[in-house]
Amino acid sequence: MNSATREAFGAALVELGAMNPDVVSLDADLAGATKSAGFKKAFPERFFDMGIAEADMVSTAAGLASAGKIPFASSFSVFIVDRALDQVRNSVCYPRLNVKLVGSHAGPSCGEDGGTHQAMEDIAVMRSLPEMCVVVPADDVEARAAVLAAAEYDGPMYLRVARLASPTVYNADSYSFDLLHGDIICDGDDLTIVACGMMVGRALEAADLLADQGIRATVVNMHTIKPIDAELLEECARKTGHIITVEEASVVGGLGSAVCEVLAERYPVPVRRIGVPDVFGRSGEGSQMLDYYRLNKEHIVEVAHEMLGR
Amino acid sequence: MQYDLQAITKQMRIDIVESVNAAGCGHPGGSLSAVDVIATLYFKHMNIDPANPRWADRDRFVLSKGHAAPALYAALAERGYFPREDLITLRKLDSYLQGHPNMNDTPGVDMSTGSLGQGLSAANGMALAGRLDGKDYYVYVLLGDGESQEGQVWEAAMSAAHYKLDHVIAFLDLNGLQIDGSNDEVMSLGDIAAKWRAFGWEVIELPDGNDCNEISVAITRAKATVGKPTMIICHTVKGKGVSFMENAVEWHGQAPKGELAERALADVHAL
Ligand SMILES: Cc1ncc(C[n+]2csc(CCOP(=O)(O)OP(=O)(O)O)c2C)c(N)n1
Ligand SMILES: [Mg+2]
């Protein structure tokens, strides 16, 4: 409950390891931080320390996958996405190998490590690669479900998890994760808030505030940004006519862009993107950083008012 | 089955020249230098089944220097993975023979390559999987000397030694040339054998890396090496078998045209 999605990833990986002997894990000297360390402890013979060598780690994972393993390669998002991009592209996506890339400490919520460590562009970059599936779980419950679903899905996947703990949105007992479909969490006719990751919780808070003011918002958790649930987006656009996207990632190429691409062609309605502007991050406590970039309920409410003219 | 490696390597060189000529582009130099290593593997040492290219227990080959695809395709065709006639479709729009190897397009290709520096890591991954599954297959990988300038090669060199991957057997196609000049002009490799040794590898150096007998003896030795990976350094001639291409940097990445195309074909037929 209310734990970071990286914690849930680590625990789910151990669960998965017990169920499926083909699951293996690799890390680049950040197992303690990404939480793959739990798997290392439980299944030492199936865990591979790859040293601080992300390029080698990703191509090695590709080789493992080519021989039938289901490798989860983890590191900080900025290193596995950016440092190893050529390997992700040519060793994993081009041959469509069954490699799961787990990028933790993504986004400004990464916090104090600052600009070098806060991947803002990871969603955009991973989304641009053919064959890649991009998943950003909303909370610990969904992160666990997404890890289990990743092992069932045959193909390259990028799973974005966060360092910062965030409120649990879903009920662990009743939630069922559907990889290819976004999840409508609350329903309203006035506007739609499409969010991913820990912004889903904040979108729900904003929807509550708006409800108090008589504005009824639909909130969609778009956990899978590629392939994106275009049908659902069109349905929401038709129903509410106004869309706000919220992500703790760059507005350049991320969830907001993906939503705009779909709606521009299928059912154009006004869209406002809330996210990190086109800048590098900076040091600060994780939740403070979210407020610094105005990734909070107050800002979502403000944008809703602007959009609706009330 | 015993194959006549002299006849095979001659036929592969003919295949390479014909396919690159037909494509009108491609990489003849590094394909011709690698023929003898690839032939010795596919026709003497590798435990494979062309009728079942994805057989789980097979030996694997990763052509890390993926631009030598014409040499790999020639070996696969001659070994029966697909019809030799298709070799001349190389690089054409409807062909399953891509400019650089793609494992999902071409039967027998074990790993997609083309971005230099990634193949050894992939080979390590295959060997780790084999060990986990209790399988005894070998993973062979061929690197270029220019390619060895990539940092990832040395990351992978460390990993293979760290994990004691004695079922990884690597070859270095030491032809001395890359695209913009000799290795020494572009970026010196220094004492390359000492480097691999220092990274914890068994190193075998072949003065004539275009001699199938030498290569075969080295492979047998490498398979007997326990507890560490082996690098077989092959001193080769880039463009081997086509007189005007031998040791000539300009034949790295272009097809001969007109009269030169005919001379290249005549040269390999006369081998
Ligand atoms: C990462 C990467 N950078 C650049 C290239 C372009 N390239 C193709 S072949 C080549 C030279 C390779 O030289 P070497 O490894 O010596 O190959 P060989 O002489 O055996 O043909 C280059 C730079 C590439 N394919 N991949
Ligand atoms: Mg060379």
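Residues numbered from 1 in each chain as written. Chains lettered and ligands numbered in written order. Predicted model: local features only at pLDDT ≥ 70, side-chain atom pairs only at ≥ 80, totals over all residues. Heavy atoms only, no water.

A.B. asks: How should the pairing of strand S9 (residues 217-221) of chain A be read in this particular structure?
C.D. replies: In the case of a regular strand, side chains alternate between the two sheet surfaces. Residues and elements named next belong to chain A. Most of S9 is tucked away: 5 of the 5 residues are buried. Taking every second residue as pointing to the same face, both faces of S9 are buried, with Ala-217, Val-219 and Asn-221 on one and Thr-218 and Val-220 on the other. Looking at chain direction, strand S7 (residues 183-186) and S9 are connected through 3 bridges and run antiparallel. From the neighbouring strand, Ile-184 faces S9, where its bridge partner is Val-220. The pairing of strand S8 (residues 191-195) with S9 spans 5 bridges and is classified as parallel. When the bridges of S9 are listed, Leu-191 appears paired with Ala-217. Running through helix H9 (residues 199-212), the crossover from S8 to the neighbouring parallel element S9 is right-handed. (Buried < 20%, exposed > 50% of the residue type's maximum accessible area, 1.4 Å probe, protein only. Helix = DSSP H or I, 4+ residues; strand = E, 2+ residues; numbered from the N terminus. Pairing = 2+ DSSP bridges. Right-handed = clockwise from strand over helix to strand, strands pointing away.)

A.B. asks: What is the right way to read the sheet that holds strand S11 (residues 243-250) of chain A from this model?
C.D. replies: Hydrogen bonds along the backbone pair up the strands of a sheet, which may run parallel or antiparallel. Residues and elements named next belong to chain A. The mixed open sheet is built from 5 strands, whose spatial order is S7-S9-S8-S11-S12. Whereas interior strands pair on both sides, the edge strands pair on one side only; in this sheet they are S7 and strand S12 (271-276). Strand-to-strand twist across the sheet, computed as the mean angle between neighbouring axes with direction ignored, equals 25°. Examined bridge by bridge, S8 and S11 share 4 bridges and lie parallel to one another. Residue Ala-195 lies in a different strand from S11, and its bridge partner there is Val-246. Contacting S7, S8, S9 and S11, helix H10 (residues 230-240) crosses the sheet at an angle of about 170° to S9. (Axes fitted to C-alpha atoms, helices over the stretch in contact; angles between N-to-C directions. Contact = heavy atoms within 4.5 Å.)

A.B. asks: I keep staring at the domain arrangement of chain A and nothing clicks. Help me out?
C.D. replies: Residues and elements named next belong to chain A. What the domain assignment lists for chain A is domain 1 (2-167) and domain 2 (183-308). Across the interface of domain 1 and domain 2, roughly 2300 Å² is buried in total on both sides, 58% from carbon and sulfur atoms. Per-residue buried area on domain 1 facing domain 2 is highest for Pro-108, Met-120 and Arg-127; these three make up 29% of the total on that side. One can count 1 salt bridge joining domain 1 with domain 2. Residue Glu-261 pairs with Arg-127 through a salt bridge whose shortest N-O separation is 2.9 Å. Secondary structure elements with two or more residues in the side of domain 1 that touches domain 2: helix H7 (122-127) and strand S5 (133-135). (Domains from an automatic or database assignment. Buried area = accessible area lost by both parts, 1.4 Å probe. Salt bridge = Lys/Arg side-chain N within 4 Å of Asp/Glu carboxyl O.)

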